[in-house]
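Survey of secondary and tertiary structure
The lines below spell out each chain.
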Amino acid sequence: MVTANPTLHRPQPSLPNRLLLHPVAKPLLGLLCLLPVAWLFWAAWHDQLGANPAEALIRSLGDWTLRFLVLVLLVTPLRTWAGWPALARMRRMFGLFVFFYASLHLLAYSWFDMGLDLAEIVHDTGQRRFILVGMLAWLLLLALAATSFNRAIRWLGAARWQRLHRAVYAVAVLAILHFFWMRAGKNNFAEVWVYAAILGGLLGWRLWRRVERLRPQSSGTSARS
């Protein structure tokens, strides 16, 4: 008797999923994520950042932090809309790059603006609200980066780990506030509204999905009562 081969009927992953599952996909994406900082430091070394290179470096590192934050929050919608479940294996790496660029942004500010003077940094944090919310966002990112490994998941437990890592939504709100108040001095909000619209849409999508998941439970409860 001939038995059916189950692999013949198993659906094959789509091309994007096969590419994302390839062993070189993650290292290659990691190298691509390093290109912005490599270019910025090359440009700084060769005096290509304009009349105020320190400010340009600080602002550019902040911009790339926001871009990687958008990328992290895009992972789940792309998995759902495009059918790319393999993208989930990149989310942790993208999240660590958010922390990496945010830390470089903080280091550049602390070095070029404050001369690495801790007392001055603390004083500036208390005096300027956009610095304060930026510091709060970085501290949350620090907590997320420190618990982004499998050992932390086992130590915290999956439920508590998931609750902690929902703090990325608070990071998004704080990042937009930081950007808004930083641009308020020059009354230049064009880029702020773009990032606010993108991040607001991504957070709104997650809220809608959560409401949709809860709706069948609530309707079932009301029907039984």
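Predicted model only: the values in this text are computed from it and were never measured. Sequence order as written defines the numbering, with residues in each chain counted from 1. Confidence filtering applies because this is a predicted model: local features only for residues at pLDDT of at least 70, side-chain atom pairs given and counted only at 80 or more, and all residues used for totals across whole chains, interfaces and linings. In computing side-chain properties, one takes all heavy atoms of the structure into account and sets aside hydrogens as well as water.

Quick look at the overall build of the protein now. Strands here mean DSSP runs of E at least two residues long; helices mean DSSP runs of H or I at least four residues long; both are numbered from the N terminus. The secondary structure content of the protein amounts to 10 helices and zero strands. Moving toward the C terminus, one meets the helices and strands of the protein in the order α-α-α-α-α-α-α-α-α-α. We take the radius of gyration over the C-alpha atoms and set the globule estimate at 2.2 Å times the residue count to the 0.38 power. Relative to its length of 225 residues, the protein is extended, with a C-alpha radius of gyration of 22 Å against a globular reference of 17 Å. Counting only C-alpha atoms and orienting by the principal axes, one finds that the protein spans roughly 80 × 50 × 40 Å. Values of accessible area rely on a 1.4 Å probe in the Shrake-Rupley scheme; residue burial ignores everything except the protein chains shown. Counting only carbon and sulfur atoms, one obtains 67% of the accessible surface of the protein, whose full area is about 14,400 Å². Under the convention used here, Asp and Glu are negative, Lys and Arg are positive, and both His and the chain ends fall outside the count. Charged groups are reduced to one reference atom each: NZ for lysine, CZ for arginine, CG for aspartic acid, CD for glutamic acid. When the 24 positive and 9 negative side-chain charges of the protein are each reduced to one mean point, those points stand 24 Å apart.

As a further point, take a positive patch on the surface. Here, patches come from residues exposed beyond 30% relative accessible area and free of salt bridges, joined within 9 Å for like charges and within 5 Å for nonpolar side chains (Val, Leu, Ile, Met, Phe, Trp, Tyr). Salt bridge criterion: a side-chain nitrogen from Lys or Arg within 4 Å of a carboxyl oxygen from Asp or Glu. There is a patch of like positive charges on the surface, built from Arg-160, Arg-163, Arg-166, Arg-209, Arg-210 and Arg-213. Broken down by secondary-structure element, the contributors of at least two residues to the positive patch are α8 (158-165) and α10 (190-224). A total of three residues in the positive patch trace back to one element, the largest contributor, which is α10. The residue Arg-210 is located in helix α10 in this model.

Examined against the element boundaries, His-165 turns out to sit in helix α8. Residues in contact with His-165, not counting those within four places in the same chain, are Leu-144, Thr-147 and Ser-148. It only takes one pair of heavy atoms within 4.5 Å for two residues to be counted as in contact.

Attention now goes to the environment of Met-114. Relative to the assigned elements, Met-114 resides in the loop between α4 (88-113) and α5 (118-127). Residue exposure (1.4 Å probe, protein chains only): buried if accessible area is under 20% of the type maximum, exposed if over 50%, otherwise partly exposed. Taking relative accessible area as the criterion, Met-114 reaches 16% and is therefore assigned buried. Residues Met-114 and Asp-124, 10 residues apart in the sequence, show an inter-C-alpha distance of 8.7 Å. The contact partners of Met-114, leaving out residues within four places of it in the chain, are Tyr-109, Glu-120, Ile-121 and Asp-124.

Moving on: α5. Buried within α5 are the following residues: Ile-121, Asp-124 and Thr-125. Seen end-on, α5 carries its buried residues on one side only, within an arc spanning 105°. In α5, the exposed residues that point more than 90 degrees away from the buried face are Ala-119, Val-122, Gly-126 and Gln-127. Looking at the buried residues of α5, the elements they touch are α4 and α6 (129-146). N or O atoms within 3.5 Å of each other form a polar contact, as long as, within protein, one can give a hydrogen and the other can take it, and as long as residues adjacent in sequence are counted only when both atoms are side-chain atoms. Near the N-terminus of α5, the side chain that reaches the backbone nitrogen of Ala-119, with its oxygen 3.1 Å away, is that of Asp-117. Here the arc refers to the directions that run from the helix axis out to each C-beta atom.

Once that is clear, we can look at the layout of surface pockets. A cavity, in this analysis, means grid points on a 1 Å lattice covering only the protein atoms where a 1.4 Å probe fits yet has no way out; a pocket is instead an open set bounded by protein on both sides within 12 Å along at least five of seven lines, and a residue lines either one if it has an atom within 4 Å of a point. Grid points are joined across faces, edges and corners, and a volume is the space filled by probe spheres set on the points. Its boundaries defined by the atoms lining it, the largest pocket holds a volume of some 1,000 Å³. For the lining of the largest pocket, the secondary structure elements donating two or more residues are α3 (53-82), α4, α6, α8, α9 (167-184) and α10. Among the elements that take part in the lining of the largest pocket, α4 stands out by supplying eight residues, more than any other. Put simply, the second largest pocket is a space of about 630 Å³. The wall of the second largest pocket is formed by 28 residues, among which Ile-58, Gly-62, His-105, Phe-130 and His-178 lie closest to the centre. Sorting the residues of the lining of the second largest pocket by element identifies α3, α4, α6 and α9 as the ones contributing at least two each. No other element matches the eight residues that α3 contributes to the lining of the second largest pocket.

Now for the packing of aromatic side chains. Under the pairing criterion, centres of Phe, Tyr and Trp rings, with the six-membered ring standing for Trp, must be within 6.5 Å; the plane angle then separates stacked pairs below 30 degrees from edge-to-face pairs above 60, leaving the rest tilted. Taken as a whole and assessed by the stated rule, the structure comprises 13 aromatic pairs. Relative to Phe-100, the ring of Phe-97 lies with its centre 6.0 Å away and its plane at 90°, an arrangement referred to as edge-to-face. Placement of the pair is Phe-97 and Phe-100 together in helix α4, with a separation of three residues, close to one helical turn. Here the aromatic cluster, defined as three or more aromatic residues joined through ring pairs, consists of Trp-64, Phe-68, Phe-97, Phe-100 and Tyr-101.

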